[in-house]
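Notes for the structure review
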Amino acid sequence: MATPGGARPGNFPPNYNPNTLANNMQNLQINQPNQQQSSNVGGSAPRPPNTTPFGQQAPHFTGIRPRPPPPGVFPRGPVPPNAPAQPTFPPNTVSARPSGPPPGSQPPPFASRPPPPGAIPSSIGGPVSPSLSAPGPRPGPFTSSPLSSGPTTATHMTAPGPLSNGPPTFAPGMAQSGPQFPPNIGGMPRPAVGPPQSPAFLSSRPSPQPQQMRPSFGSPPTGVPPATGQPAPPFSALPQNIPPPRGPSPFSAPNMGVPPSSSSPYGMQTWPPQPHQVGPPPIPGSMQQSPRMFGMPPGGPPIPNQSMALGQTGQSKIDPNQIPRLTPSSDVILHETRQGNQANPPPPATSEYIVKDTGNSSPRYMRCTINQIPCTIDLLSTSAMQLALLVQPLALPHPSEEPIHVVDFGENGPVRCSRCKGYINPFVKFIDQGRRFICNLCGFTDETPRDYHCNLGPDGRRRDADERPELCRGTVEFVASKEYMVRDPMPAVFFFLIDVSMNAIQTGATAAACSAINQVIADLPKGPRTMVGIATFDSTIHFYNLKRALQQPLMLIVPDVQDVYTPLESDVIVQLAECREHLEMLLESIPTMFQSNRTADSAFGAAVKAAFLAMKSTGGKLLVFQSVLPSIGIGSLSAREADGRSNSSSGEKEAHKLLQPADKILKTMAIEFAEYQVCVDLFITTQTYVDIASLSVIPRTTGGQVYYYYPFSAVSDPAKLYNDLRWNVIRPQGFEAVMRVRCSQGIQVQEYSGNFCRRIPTDVDLPAIDCDKTIMVSLKHDDKLQEGSECSFQCALLYTTVYGQRRIRVSTLSLPSTNMLSNLFRSADLDTQFACILKQAASEIPSAPLVQVRDQATNVCINILYSYRKFCATVSSSGQLILPEALKLLPLYTLALLKSTGLRSDGRIDDRSFWINYVSPLPTPLVIPLVYPRMIAIHELDEKELDDSIIPTSIPLSSEHIAGEGIYLLENGVDCLIYVGDSVKPNILQNLFGISSAEEISNQFILQQYDNPLSKKLNDIMNEIRRQRCSYLRLRLCRKGDPSG
């Protein structure tokens, strides 16, 4: 068997390597079991010398998003390409009395991203003990446990650089070796943190009469008049309920009557600045002694804001250079989650940062929309902002961050509050010489277990607090005891279901799916717990007996697609080690077996139900490859809209109903799948309308994902299909999970949003969860908070690792409460606020007319800015637009959102449905790029000497930065567009694309690498972007004048 991550037989031709992303992300072998048992108590790994990020130069980071390095392993620094891997013991061992390592070994923690290439030491571990328990229904308030954390093995790779980004050749044993890209500090733009300018900005006079705004998530805040008596925002589409300004907008200079205060505009600094983190600068402007609103300090220091006055001449023209924009930066921020016993506001989600967990959870795992919690619901309503958490429990950390500590309390399990069942955390207060503790969530006083007792120091903290991860770290992972299991942990089951109908065969989708699965088999978790099955379907369902005893796989046909069943259940899903040869042989022969198939019908619903019946006893992942609209059997659909477009005439009012599922059959099936821990991922390889709105119900309910390849191209899409499938099975993930968020008294969870199933109101059921899934948790007040107190939030995720260990990952965040409205605007988190606006807009699209959803999104932005102007900003003329410093980019992002696929009035129904499904679980770092893409000039790559970053500085998204002789790359984390101007020099086209004029551009474009520096730089940039986004972006070439879309 090939070495994991190593080259396999059947390598590409020398100039051909499409698998750069998958190789790069998973030469790391995240989910490998350990080879030797670690004796470290607590399961966390010791850090090699000279690797701590604090007090030393920041290590190079390989991208915006975390990517998976071997858990528990830290980069030692570059290793010679052919040097043998150095074994290391897991770093940062912590004594966790009375704890110890779980029996057997600890599989890797799903807790790290790939370290810089060439710096991956192999770690030492031991064989996994298979005697741990599995899936099944779980007890309510957390009676089971989560993921594994510990060292893993990683094979060091050496391979030539990429010579092509084209599709893979379809051959068995495809090579997995790929280029090791140099680490870089990334070029992802993030909001500016330097001193703001006072840009000129155009604004209209107040409207004479306020009008009532729409309700729903765009409704104005309680106690705040509708946002009509304020300057119109710089949106291209104004809300319909705001009348246009009368006459030309007047010019007004900045308010000169009030000198800026010399004191800090932040008043008393709530959070001390960090040594390596740039804080918000003082902002010019101050507050006059105007009528005091509640929540405002009496005569306090001025509030920071950004005043945007108009130009100096009579022309009503805005200076584009003065408009707030993302300011790209390649600096790495070192972020301590708490300093001086106070919470530190997190860095922007789109920035490069390294976290040191000093009590609060890392912002990668949990972010709040406001980093100071309003004491009352009235204060929150007045601000017009939303109070919510974005939780990404298995997010990948930066390779230089300390791995999550694993703590084993033995048979008794972790210490918990006996009233609210919250877990022990750094904010629990011990009293009575440590014999009792007060829960920070519900305030109940509990007895400390005798074997957990420790005396208190002079500061009131336990003397062993710094030695116990659960008392000094915001995120820890507990080994679950037997009480958290209702059955043994489930095995890792992967079942592949392939469409072999006539359309799928003729478009090459079946061949691409079989080739991708064949290559990915080698990347499935190793060991006896990994099981696989395969079936194909058209108008009937074909199972395959993969028993080793048979000379070749045996096809078993199920013709009844109304009342389906599974033949020979025990032989349909078998251990991977037992059937690998048969499986590879079958995958090579399927495209040939069905090449003359003339059956156009697809029994998708029946096939999924039959596969579920085969998996029902174990649970697992069902990966479905579908090419046409299901037309026969259970859950069959009809073309509700022939070409997938909404009618622009009479049907427009009802167009949103095409974004709702056609019926409830598939939803009912999905709920049953979730109950038995079956997660469905759907790969749609189509050239026609397939009603994603109906099909996507199954992945959304079961914690899965929709992948969409439209129009599917057999030339350019197989490479993306392979990379997407590979990342799906190798990324850090857990099975049969339950999640609950608990809050301090006075706050409660209002609603959860994301890809999951809920059977009881307090818990979220997740048949599978991975590092890319985020869940939005909306919060509400149920009582008044005490000013000066801290408000705590705790997310607990109980899950099974791919190696069968039950773990509980607990993340705790404690934030100060405030009675001052100005503090809310000062501590707002722009990326999280906008992510909530985006996700709420996406959830509204299927149930409301598009115009209404656009108005609501616009009104959210207007209401926030209006509230700030009315209650917090310096007294100024009505011709100025006043923006809070923390939210100065909110109007820009809102305008960008209105132009996105989901909210544009044109476009296909399936495209909009896919956008809604993509946004639902989207991590915060990918939200901003989705609506405000990154643009790079690539025709100048030869002329620019790049610094440490592979990706050059991005340029603003406006037409004045586009030249006719230029070539520009635009990417949003999903697609990548290369725009070719109409007067590009022929030699540049020849060097980059091997063509002499833009007229020769092919529709099915594959980026090749040619023997010149310009082509090499472009390929390096594409590979780095794909690695940063953990996605093999589709690449398209377009010219000036080509139709959009």
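In what follows, the accompanying structure is described. Predicted, not measured: the structure shown is a model, and the values here were computed from it.

Each helix and strand counted, the protein has 20 helices and 36 strands in total. Out of the 1045 residues belonging to the protein, those deemed buried represent 64%. When contacts within the protein are restricted to residue pairs at least 6 apart in sequence, long-range pairs at least 24 apart make up 80% of them. Surface exposure of the protein reaches about 36,900 Å², of which carbon and sulfur atoms provide 52%.

Moving on, we get to the nonpolar core. Grouped together as the largest cluster of nonpolar side chains are 136 residues, with contacts concentrated most on Leu 389, Phe 495, Ile 541, Leu 622, Met 739 and Phe 793. Here Ile 541 is in contact with Thr 536, Leu 556, Ile 557, Val 558, Val 561, Val 564, Ala 606, Ala 607 and Ala 610, once residues within four sequence places are set aside. Counting residues in hydrophobic clusters, the runner-up holds 49 residues, among them Ala 492, Ile 498, Ala 504 and Leu 623.

Turning our eyes to something else, we now look at the environment of Asn 728. Within the secondary structure, Asn 728 sits in helix α12 (residues 717–730). When the C-alpha atoms of Asn 728 and Gln 705 are compared, they prove to be 9.3 Å apart, with 23 residues separating the residues in sequence. Apart from residues no more than four positions distant in its own chain, Asn 728 is found in contact with Lys 621, Leu 623, Asp 681, Phe 683, Tyr 707 and Gln 733. In this structure the side chain of Asn 728 is engaged in a polar contact, spanning 3.0 Å, whose partner is the side chain of Tyr 707.

Turning next to the packing of aromatic side chains. Under the counting rule described, the total for this entry stands at 16 aromatic pairs. With a centroid separation of 5.8 Å and 50° between ring planes, the pair formed by Phe 409 and Phe 478 is classed as tilted. Residue Phe 409 is located in the loop between β13 (405–407) and β14 (429–431), and its partner Phe 478 is located in strand β17 (residues 475–479); the two are separated by 69 residues in the primary sequence. Judged on exposure class, the residue Phe 409 and its partner Phe 478 are both buried. Note on Phe 683 and Tyr 707: the rings are 4.4 Å apart at their centroids and 0° apart in plane angle, and the pair reads as stacked. Residue Phe 683 is found in strand β24 (residues 678–685), and its partner Tyr 707 is found in strand β25 (residues 706–709); the two are separated by 24 residues along the sequence.

Take the side chain of Thr 812 next. Along the chain, Thr 812 turns up in strand β31 (residues 806–818). By relative accessible area, which is 1% here, Thr 812 ends up buried. A polar atom in the side chain of Thr 812 sits 3.2 Å from the side chain of Gln 794. Apart from residues lying up to four places away in sequence, Thr 812 is in contact with Gly 359, Asn 360, Ser 361, Asn 425, Phe 427, Asn 440, Gly 474, Phe 793 and Gln 794.

Our focus in this paragraph is helix α14 (residues 830–844). Along its 15 residues, α14 runs 21 Å from first to last C-alpha, staying within 8% of the 21 Å computed at 1.5 Å per residue. Counting buried residues in α14 gives 14 out of 15 residues, a clear majority hidden from the surface. By the N-cap criterion, in which a side-chain oxygen at the helix start approaches the backbone nitrogen of a residue two or three places on, α14 is capped by Asp 829, the distance to Asp 831 being 3.2 Å.

Attention now goes to the sheet that holds β14. Taken in spatial order, the 3 strands line up as β14-β15-β16 in an open sheet, and their pairing is antiparallel. The sheet is open, and its two edges are formed by β14 and β16 (445–447), each paired on a single side. The sheet shows a mean angle of 30° between the axes of neighbouring strands, taken without regard to direction. Looking at chain direction, β14 and strand β15 (residues 436–438) are connected through 3 bridges and run antiparallel. When the bridges of β15 are listed, Phe 430 appears paired with Phe 437.

A side chain with one charge may pair with a side chain of the opposite charge, provided their charged atoms come close. In this structure the tally under the stated criterion is 34 salt bridges. Here Lys 547 and Glu 578 are joined by a salt bridge, their closest N and O atoms 3.9 Å apart. One end of the pair, Lys 547, is in the loop between β20 (541–545) and β21 (554–558); the other, Glu 578, is in helix α7 (residues 576–593), with 31 residues separating them in the sequence. Salt bridges linked by common partners bring Arg 462, Asp 464, Arg 468 and Glu 470 together as one network.

Let us now look at the pairing of β17. The buried fraction of β17 amounts to 5 of the 5 residues, a majority that puts the element mostly inside the structure. Side chains Thr 475, Glu 477 and Val 479 project from β17 onto one buried face, and the interleaved Val 476 and Phe 478 project onto a second face that is buried too. Here β13 pairs with β17 via 3 bridges, running parallel. Looking across to β17, one finds that Val 406 is bridged to Glu 477. Here 5 bridges tie β17 to β31, and the two strands are oriented antiparallel to one another. Bridge pairing links Val 476 to Val 810 in β31.

Let us look at unusual backbone geometry. A cis amide bond links Tyr 710 to the next residue, Pro 711, at an omega of -15°. With respect to the helices and strands, Pro 711 occurs in the loop between β25 and α12. Despite not being glycine, Asp 691 shows a phi value in the positive range, around 60°. Backbone geometry at Glu 736 places phi at a positive 35°, although glycine is not the residue there. Here Glu 736 lies in strand β26 (residues 733–743). Residue Glu 736 is classed as buried on the basis of its relative accessible area of 0%.

The buried fraction of β31 is high, at 13 of 13 residues. In this sheet, β31 lies alongside strand β11 (residues 373–374) in parallel orientation, the contact comprising 2 bridges. Residue pairing in the sheet places Pro 374 in a bridge with Thr 818 of β31. Where strand β30 (residues 790–801) meets β31, 11 bridges bridge the pair, whose relative direction is antiparallel. Residue pairing across strands places Glu 790 opposite Pro 816, the latter belonging to β31. Here β30 folds back onto β31, and the loop between the two strands holds 4 residues, one of which, Gly 804, carries a positive phi near 85°.

All right, on to helix α8 (residues 604–615) then. Helix length check: α8, at 12 residues, gives a terminal C-alpha distance of 17 Å against a target of 16 Å (1.5 Å per residue), a fit within 8%. Where burial is concerned, most of α8 is hidden: 10 out of the 12 residues are buried. Where α8 is concerned, the buried positions are Phe 604, Gly 605, Ala 606, Ala 607, Val 608, Ala 610, Ala 611, Phe 612, Ala 614 and Met 615.

On to the packing of α8 against helix α9 (residues 665–675). Between α8 and α9, whose axes approach to 11 Å, the crossing angle comes to 15°. Considering their axes alone, α8 and α9 lie roughly parallel with respect to each other. Pair α8 / α9 crosses with left-handed handedness. Counted together, Gly 605, Val 608, Lys 609 and Phe 612 of α8 and Met 669, Glu 672 and Phe 673 of α9 form the full contact between these two elements.

Turning to the state of the cysteines, a few remarks are in order. Applying the stated criterion across every chain, the model contains 0 disulfides. Between Cys 791, a free cysteine, and Cys 743, which holds the nearest cysteine sulfur, the sulfur-to-sulfur gap is 6.8 Å. Taking relative accessible area as the criterion, Cys 791 reaches 2% and is therefore assigned buried.

Residues Met 555, Ile 557 and Met 593 make up a contiguous nonpolar surface patch of about 250 Å² in total accessible area. One can find Met 555 in strand β21.

Further remarks concern the sheet that holds strand β35 (residues 975–980). As summarised here, the arrangement of the 4 strands in space is β33-β34-β35-β36, forming an open sheet in which the pairing is mixed. The two strands at the open ends of the sheet, each matched to only one other strand, are β33 (934–937) and β36 (1034–1039). Here the average twist between neighbouring strands, direction ignored, is 20°. As paired elements, strand β34 (residues 967–971) and β35 share 5 bridges and run antiparallel to each other. Each bridged residue has a counterpart across the sheet, and for Leu 970 the counterpart in β35 is Leu 977. Along the sheet face, helix α19 (residues 986–993) touches β34, β35 and β36 and points at about 40° away from the line of β34.

On to the environment of Thr 530, then. Of note, Thr 530 is situated in strand β19 (residues 530–537). Sequence separation between Thr 530 and Val 493 is 37 residues, and the spatial gap between their C-alpha atoms is 5.9 Å.

Secondary-structure assignment places Ser 920 in the loop between α17 (909–919) and α18 (924–931). In this structure the C-alpha to C-alpha distance between Ser 920 and Thr 774, which are 146 residues apart in sequence, comes to 8.1 Å. When sequence neighbours within four positions are dropped, the list of residues in contact with Ser 920 reads Arg 700, Gly 754, Asn 755, Thr 774 and Lys 839. Polar contacts involving the side chain of Ser 920 include one to the side chain of Arg 700, which spans 3.4 Å.

Parameters at a glance
Residues numbered from 1 in each chain as written. Predicted model: local features only at pLDDT ≥ 70, side-chain atom pairs only at ≥ 80, totals over all residues. Heavy atoms only, no water. Helix = DSSP H or I, 4+ residues; strand = E, 2+ residues; numbered from the N terminus. Buried < 20%, exposed > 50% of the residue type's maximum accessible area, 1.4 Å probe, protein only. Contact = heavy atoms within 4.5 Å. Areas by Shrake-Rupley, 256 points an atom, 1.4 Å probe, with all protein chains shown as cover. Core = buried A, V, L, I, M, F, W, Y, C linked by side-chain atoms within 4.5 Å. Polar contact = N/O pair within 3.5 Å; in protein donor to acceptor, adjacent residues only side chain to side chain. Phe/Tyr/Trp six-rings, centres within 6.5 Å; stacked < 30°, edge-to-face > 60°. Expected span 1.5 Å × (residues − 1). Pairing = 2+ DSSP bridges. Axes fitted to C-alpha atoms, helices over the stretch in contact; angles between N-to-C directions. Salt bridge = Lys/Arg side-chain N within 4 Å of Asp/Glu carboxyl O. Parallel < 35°, antiparallel > 145°, perpendicular 65-115°, else oblique. Left-handed = near helix turned anticlockwise from the far one by under 90°. Disulfide = S-S within 2.5 Å. Patch = residues over 30% accessible without salt bridge, like charges linked within 9 Å, V, L, I, M, F, W, Y side chains within 5 Å.

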